[in-house]
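Here are the chains, one letter per residue:
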Amino acid sequence: MRRRNFLTTTAKSSLGLSLLGLSAACSAADKGATDETMVDAKKDMAVDKWFDISLAQWSLNKAFFGGDIDNLDFARVAREDYGLGGIEYVSQFFKDKAKDEAYLQQMLDRANDQGVKTLLIMIDGEGSLGATDEKERMQAVDNHHKWVDAAKYLGCHSIRVNAAGSGTREEVAAAATEGLGKLSEYAKGAGINVIVENHGGYSSDGSWLSSVIKNTGMDNCGTLPDFGNFCIERSPDGCKDEYDRYKGLEELMPHAKAVSAKTYDFGSDGMESVIDYTQMMKIVKEHDYSGWVGIEYEGKDLSPDDGIRKTIALLEKLGGRVA
């Protein structure tokens, strides 16, 4: 990197870090926070967190799908709007660009200009890695290769995949173990991790997924524990079979290479009203995790912008308080 670019990137990175806590405090004021809330936010600004905060692109999925934000502008939005220095892409928003080096270079340049780290790509729509049909499973493995290559180009540490498949619990476990293992072998050569999110079906069962990951025997195959995705089976009325999220997090954290901080709604105290975030973050810390925690707001009552800002404020608060 040329000296001028290095100094510019370093300056922007330092500025972004200093603005992160400030944005949380200011946004609290903008939303009519109480004096007590403001005092708490200012106190938390002075405390060093044991993790870094990143932004998952899915938090703004409506804006990306609607064309209000271009994929190439994601790094700028993360830095300038939210003061965040890490981003997590979603393949759906540039699904035809995985092999387009000119486009990937634009993504990389824009992230570098903002002093933002590209951490991972969440992959969907490339087939079932847990398919019990071998031909289908191996096609899915092959389909993911281009995303491993794209992740390497962008400087990511991982691609997030799904361990989906149809069959019995045991059949899909065996198929997913093989599919993930094969993909991880390819990714290992590129220095990329293959991480699986609890994302519905068997994968939302913490014991099932942790066993599958362990049985691949690959040290670059791990998990992306999501605080909210523990519904194993849905019905028209909602979740029919939900796994205990706290037990599930305990089971997935030993294999975690990233963490997804899902939020839905907030109380007047700024705490998440669906998930006990204090307990969740304690579990994360107890497993000696000190990497990136990615914000993924999926609430309906707040705008994505408000939801992201409230999640930043919550993580800032717990970063200083969770012992």
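The structure this text deals with has already been given above.
What you see is a predicted model; the values in this text were computed from it and never measured. (Residues numbered from 1 in each chain as written. Predicted model: local features only at pLDDT ≥ 70, side-chain atom pairs only at ≥ 80, totals over all residues. Heavy atoms only, no water.)

*Asks:* Teacher, can you tell me more about unusual backbone geometry here?
*Replies:* Glycine aside, the phi torsion of most residues is negative, and most peptide linkages are trans. Positive phi, normally seen in glycine, also occurs at D288, with a value near 60 degrees. Tracing the sequence through the fold places D288 in the loop between α10 (277-286) and β10 (292-297). (Helix = DSSP H or I, 4+ residues; strand = E, 2+ residues; numbered from the N terminus.)

*Asks:* Any chance you could explain the nonpolar core here in plain terms?
*Replies:* One recurring pattern in soluble globular proteins: nonpolar side chains tend to sit buried together. In this structure, I121, L180, F227 and M281 are the most contacted members of the largest nonpolar core, which totals 91 residues. In contact with M281, other than residues within four places in its own chain, are W50, F51, F227, V293, L315, L318 and V322. (Core = buried A, V, L, I, M, F, W, Y, C linked by side-chain atoms within 4.5 Å. Buried < 20%, exposed > 50% of the residue type's maximum accessible area, 1.4 Å probe, protein only. Contact = heavy atoms within 4.5 Å.)

*Asks:* It is not clear to me how the side chain of R137 should be interpreted in this structure. Could you clarify?
*Replies:* Within the secondary structure, R137 sits in helix α6 (residues 134-154). For R137, a relative accessible area of 5% gives the class buried. With near-sequence residues (within four places) excluded, R137 lies in contact with S128, L129, A131, T132, A175, E178 and G179.

*Asks:* Whenever I open this one, the packing of aromatic side chains confuses me. Can you help?
*Replies:* Two measures describe an aromatic ring pair: the distance that separates the ring centres and the angle between the ring planes. Tallied over the entire structure, the rule returns eleven aromatic pairs. Taking the centre distance of 5.2 Å and the plane angle of 75 degrees together, the rings of F227 and Y277 count as edge-to-face. Of this pair, F227 sits in the loop between β6 (221-224) and β7 (231-235) while Y277 sits in helix α10; the two residues are 50 residues apart in sequence, bridging distant segments of the chain. The same class applies to F227 and to Y277, which are both buried. Through a chain of ring-to-ring contacts, the aromatic side chains of W58, F64, F65, F74, Y89, F93, F94 and W147 assemble into a single cluster. (Phe/Tyr/Trp six-rings, centres within 6.5 Å; stacked < 30°, edge-to-face > 60°.)

*Asks:* I tried to follow the packing of α6 against helix α7 (residues 169-190) on my own but got confused; where do I start?
*Replies:* The angle between the axes and the distance between the axes are what describe a pair of packed helices. At a minimum axis distance of 9 Å, the contact between α6 and α7 shows a crossing angle of 30 degrees. For the element pair α6 / α7, the angle class is roughly parallel. The two elements α6 and α7 cross, and the hand of that crossing is right-handed. Seen from α6, the contacting residues are R137, M138, V141, H144, H145, V148, D149 and K152; seen from α7, they are A175, E178, G179, K182, L183, Y186, A187 and A190. Taken together, the residues of the contact of α6 with α7 sort by class into eight nonpolar, three polar and five charged. (Axes fitted to C-alpha atoms, helices over the stretch in contact; angles between N-to-C directions. Parallel < 35°, antiparallel > 145°, perpendicular 65-115°, else oblique. Left-handed = near helix turned anticlockwise from the far one by under 90°. Nonpolar A, V, L, I, M, F, W, Y, C, P; charged D, E, K, R; others polar.)

Interpretation in functional terms is not warranted from these geometric data alone.
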